[in-house]
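# Notes for the structure review
Here is how the chains run, residue by residue.
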Amino acid sequence: MSAGSTESPDGQASAAGTPPTWALPRGVVVLLGTGAAVLTAAGLRSIPGIVGPVFLALVLTIAVTPLRQLLIRRGLRRWLAALIALVVVIVFLLAVAAALALSLAKLATLLPTYQDKFAGIVDDVRNWLANLGVGEEQLQAALKKLDLGALLDVLQGWLSGLLGVFSNLAFVVILLFFMGIDATHFSDRLRETARVRPDITGALTGFARSTTRYLIVSTVFGLIVAIFDVGVLYVLDIPLPWLWGLLALITNYIPNVGFFIGVIPPALLGLLDSGWETFLWVIVAYSVINFIIQSIIQPKVVGDAVGLSTTLTFVSLVFWAWVLGPLGAILAIPLSLLVKALLLEADPSTRWLAGLISGAPSPEDAPTAEAADLPPGDVAAERAG
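Residues numbered from 1 in each chain as written. Predicted model: local features only at pLDDT ≥ 70, side-chain atom pairs only at ≥ 80, totals over all residues. Heavy atoms only, no water.

Time to look at the packing of helix α2 (residues 48-63) against helix α8 (residues 169-183). The N-to-C vectors of α2 and α8 enclose an angle of 45°; their axes lie 9 Å apart at closest approach. For the element pair α2 / α8, the angle class is oblique. When the axes of α2 and α8 are compared, the crossing they make is right-handed. On the side of α2, the interface is formed by G49, I50, P53, V54, L56, A57, L58, L60 and T61, while α8 contributes F171, V172, L175, L176, M179 and A183. Looking at the contact of α2 with α8, its residues break down into 13 nonpolar, 2 polar and no charged. (Axes fitted to C-alpha atoms, helices over the stretch in contact; angles between N-to-C directions. Helix = DSSP H or I, 4+ residues; strand = E, 2+ residues; numbered from the N terminus. Parallel < 35°, antiparallel > 145°, perpendicular 65-115°, else oblique. Left-handed = near helix turned anticlockwise from the far one by under 90°. Contact = heavy atoms within 4.5 Å. Nonpolar A, V, L, I, M, F, W, Y, C, P; charged D, E, K, R; others polar.)

Another aspect to go through is the packing of aromatic side chains. To describe a pair of aromatic rings, one takes the distance between the centres and the angle between the planes. This structure, assessed with the given rule, holds 5 aromatic pairs. Arranged with centres 5.5 Å apart and planes meeting at 70°, the rings of F177 and F178 form a pair that is edge-to-face. Judged by centre distance (6.3 Å) and plane angle (45°), the rings of F319 and W322 are tilted. Of the two residues, F319 and W322 are both situated in helix α14 (residues 310-324); the distance of 3 residues between them amounts to about one turn of the helix. Among the aromatic residues, those joined into a cluster by ring pairs are F319, W320 and W322. (Phe/Tyr/Trp six-rings, centres within 6.5 Å; stacked < 30°, edge-to-face > 60°.)

What follows deals with the pattern of salt bridges. This structure, assessed with the given rule, holds 2 salt bridges. Here E192 makes a salt bridge to R195, at a shortest N to O gap of 3.5 Å. Taken as a pair, E192 and R195 lie in helix α9 (residues 186-196) at a separation of 3 residues, close to a single helical turn. For R195, a relative accessible area of 67% corresponds to the exposed category. With its nearest N and O atoms 3.5 Å apart, the salt bridge here joins E345 to K340. Given a relative accessible area of 8%, K340 falls into the buried group. (Salt bridge = Lys/Arg side-chain N within 4 Å of Asp/Glu carboxyl O. Buried < 20%, exposed > 50% of the residue type's maximum accessible area, 1.4 Å probe, protein only.)

Our focus in this paragraph is the nonpolar core. The biggest cluster of nonpolar side chains holds 62 residues, and the ones touching the most others in it are L176 and W244. Considering each element in turn, this core owes the most residues, 9 residues, to helix α4 (residues 78-110). Core analysis: the second largest hydrophobic core is formed by 5 residues, V217, F221, I289 and I293 among them. (Core = buried A, V, L, I, M, F, W, Y, C linked by side-chain atoms within 4.5 Å.)

These figures capture arrangement, not role.
This is how it looks when you write it as structure tokens:
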């Protein structure tokens, strides 16, 4: 080290006469970051009616990007391709909202007809528990809580909450219109930005690519699961099979627990309509379909496109459902991908954390056999070369 230089706390030399830069302790940085994250989450939770629809419109705009690009490559003008993509996504939203509303109306008229059957099921449960030696007082206390009206309110509350996702449909459509207009020249602006901020641009591009892959895979497998579920429900003669198929499609976007949300309503309706045997058959059929398609095939197809570990996926579901409600549960994966892109992948100094929270290392980040034996500096030099 020359006489005209000084040693900074991080081990790097600074020029003579220049005061050393002092960084905050890492523990303080972690605490400040955690506090900022808590404040941000609280702020988002206070305005779910704005944040949820805005992000839904963004995700839908990203989802139709491949269609818009395909139409442009086929020779259509950009504005016409954007208009066609906008019409497709709006028709999809309106169709889903109309199907849910119509099915809920039919369900509301159907459920009260099962009052007598529900009373018979309660009597059967009482007799079964009495044969097991459960006392009469305990039976009365437990059965008082079994009220068909309360169960139906819970069931309708779930479905109404799902329909509530589309309550701001006009707001979402307006957002889609403006985002569709901006998307026509967004690629050009993104290339210009990449010259100045390549890291941020690359992170946002990766977010859009991962979100598109996730939506395509989830939609395809959701449709497959829904078709099988509808077929099973038709065979078992469960009322409103298309409603439960639509529910299975939507809950396929909810990681880890979507299956349980989708199976409970048709199973309960099968119990009320045909008895315990049908109830068990619905659960068995749904479990087999879910295990084969959603637990074995789908994870292998989606692979590491999402880049989130199983534990983090479940935590994301709980967190975003708490912040934004039902819409947060459906959009949990894209929301987490956006946070990962902005906070980890956009900054080279924190990019290594993205590998720790991923399900598996990506092939392009994995060191080669030759590079594994080289020092870190040589590995970087080799990759740069």
